[in-house]
Amino acid sequence: MKILLIGSGGREHVIAEAIARSRQDPDLYAVMSRKNPGTARLCKDFLIADESVDAVIPYARSRRIDVAVIGPEAPLALGLADALESEGIPCLGPRLAPAQIELDKAWARMFMRRHGIRGCPAFEVFEEGDFEGAHAFIEKLGDVAVKPTGLTGGKGVKVMGDHFEIEGAKAYASELLSTGSVVIEENLLGEEFTVQAFSDGTTLAFAPAVQDHKRAYDGDKGPNTGGMGSYSDAGDLLPFMREEDYEEAKAIMRDTVKGIKEDVGAYKGILYGQFMITAKGIKVIEFNARFGDPEVMNILPLLRTDFVDILSAVANETLSDLDVEFKRLATVCKYAVPEGYPENPVKDSVVEIGDIGDATFFYSSVYEQDGVVYTTGSRAIAVVGAAQTIAEAEKIASHGLTGIHGDLIARSDIGTAALIDKRIRHAAEMRGS
Ligand code: AMP
Ligand code: GLY
């Protein structure tokens, strides 16, 4: 079996490890925009190139690839899954039309409305130039999130309170409306969690819930980032969740895959649902068409099921026949990021991996040159601890970080009892209990 992995980040290093653990001993190939040392080491062969149709297709042909895994969203937005499938290569990663659930936030919300999918906040979409309509809707809702409709790498969304007050919301909406459309929606308040699932178009296989930490500094302070770290518990739920929260999230994701199939065809890939426990129940913040980074670090290392069996089941639409299982362990992932991240990060600075104890690590936005690993300015190395409890996993991850050397910083509070207690109190407050 020849598997092609697309992408150069930490998410792809984790996926590569899962493929390398397969009992079927597949040959792994990769196309990556820069040399991720972790992924490269696991490959039989790789190509350094932009992750585009023009680069990937000839490579996939020449290596006679059987199945492909598309890690990031950018190649999905280029229609890479469609192009590979036209070559007879099935993909873990949806075609362009189903991937709109992540790629176009206006489409995603309109889709939820059309299908009556639960958890959709009050929202409206405004087209380029409709300043008056947008301003009136902001006044009407009073407390809003303003989102550009296209891909922004998680950095285009601004919410009131965090980023601005009502006049600022209008100004930001106007700025976006001068070049494109925006979604304006109610500002959801509550506690966030993520659920990731494999989908073959009909059946979903769910992973345990994970919580990411978007803010750069301890105490949830500072600017938003791609995610500074994340944790999961030994079961499916997080300490602040109830069984019904997880069941509701799964039901929403199943309804989403069903609706997508009716509208634009089978959704084959990873569906990532980001949810919020609010005073009015579970709400959907967004869907992504790929694993989360860092959230994938919490779940794939625990996957018991052979990843290659999952790939085959998605391709053959037989996921309902496969038990997708995860080890029952808690995990804590902490990202070592360049000093100054995200605003003024140190770039091209050397990273060295020393003794990280019982932790594992994944190379993320780094590149290797002449055997030396350098930062790019984005999140560099993810360190993961796994144990019976979140507290033990946190200790392992924290200790692991002491073995990562370079001009790097990390949040010290992710996975600690103090922060988790705060989450539990917050969720309880939201539910009014
Ligand atoms: P997104 O790019 O949709 O992931 O948004 C980035 C972040 O903005 C999310 O992780 C949330 O923390 C926040 N966010 C997005 N939509 C909302 C909303 N309607 N209300 C409150 N926060 C939101
Ligand atoms: N950590 C959030 C994401 O991957 O979108």
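Criteria and cut-off values
- Residues numbered from 1 in each chain as written.
- Chains lettered and ligands numbered in written order.
- Predicted model: local features only at pLDDT ≥ 70, side-chain atom pairs only at ≥ 80, totals over all residues.
- Heavy atoms only, no water.
- Pairing = 2+ DSSP bridges.
- Helix = DSSP H or I, 4+ residues; strand = E, 2+ residues; numbered from the N terminus.
- Axes fitted to C-alpha atoms, helices over the stretch in contact; angles between N-to-C directions.
- Phe/Tyr/Trp six-rings, centres within 6.5 Å; stacked < 30°, edge-to-face > 60°.
- Buried < 20%, exposed > 50% of the residue type's maximum accessible area, 1.4 Å probe, protein only.
- Lys NZ or Arg CZ within 6 Å of the ring centre and 35° of its normal.

Asker: Talk me through the sheet that holds strand 16 (residues 268-278); I want residue IDs and the actual numbers.
Answerer: In space, the 4 strands of this open sheet follow the order 11-10-16-17, with antiparallel pairing throughout. Of all the strands in the sheet, the pair left with one neighbour each is strand 11 (204-206) and strand 17 (281-288). Sheet twist, expressed as the average angle between the axes of neighbouring strands with direction ignored, equals 35 degrees. Relative to strand 11, strand 10 (residues 191-200) runs antiparallel, the two sharing 3 bridges. From the neighbouring strand, Ala197 faces strand 11, where its bridge partner is Phe206.

Asker: Quick one: what's the story with the packing of aromatic side chains, residue by residue and with numbers?
Answerer: Under the definition given, this model contains 8 aromatic pairs. With a centroid separation of 5.7 Å and an interplanar angle of 50 degrees, the aromatic rings of Phe126 and Phe137 are classed as tilted. Separated by 11 residues along the polypeptide, Phe126 in strand 6 (residues 123-126) and Phe137 in helix 8 (residues 131-141) bring together distant segments of the chain. Assigned by exposure class, Phe126 and Phe137 land together as buried. Look at Phe164 and Tyr172: their rings are 6.1 Å apart centre to centre, the planes differ by 40 degrees, and that puts the pair in the tilted class. Under the relative-accessibility criterion, Phe164 is labelled buried at 10%. Ring-pair connections join several aromatic residues into one group, and the members of that group are Phe198, Phe291 and Phe307. In this structure, Arg114 packs its charged tip against the face of Trp107, placed 5.9 Å from the ring centre. Sitting over the face of the ring of Tyr172, Lys158 holds its NZ or CZ atom 4.6 Å from the ring centroid.

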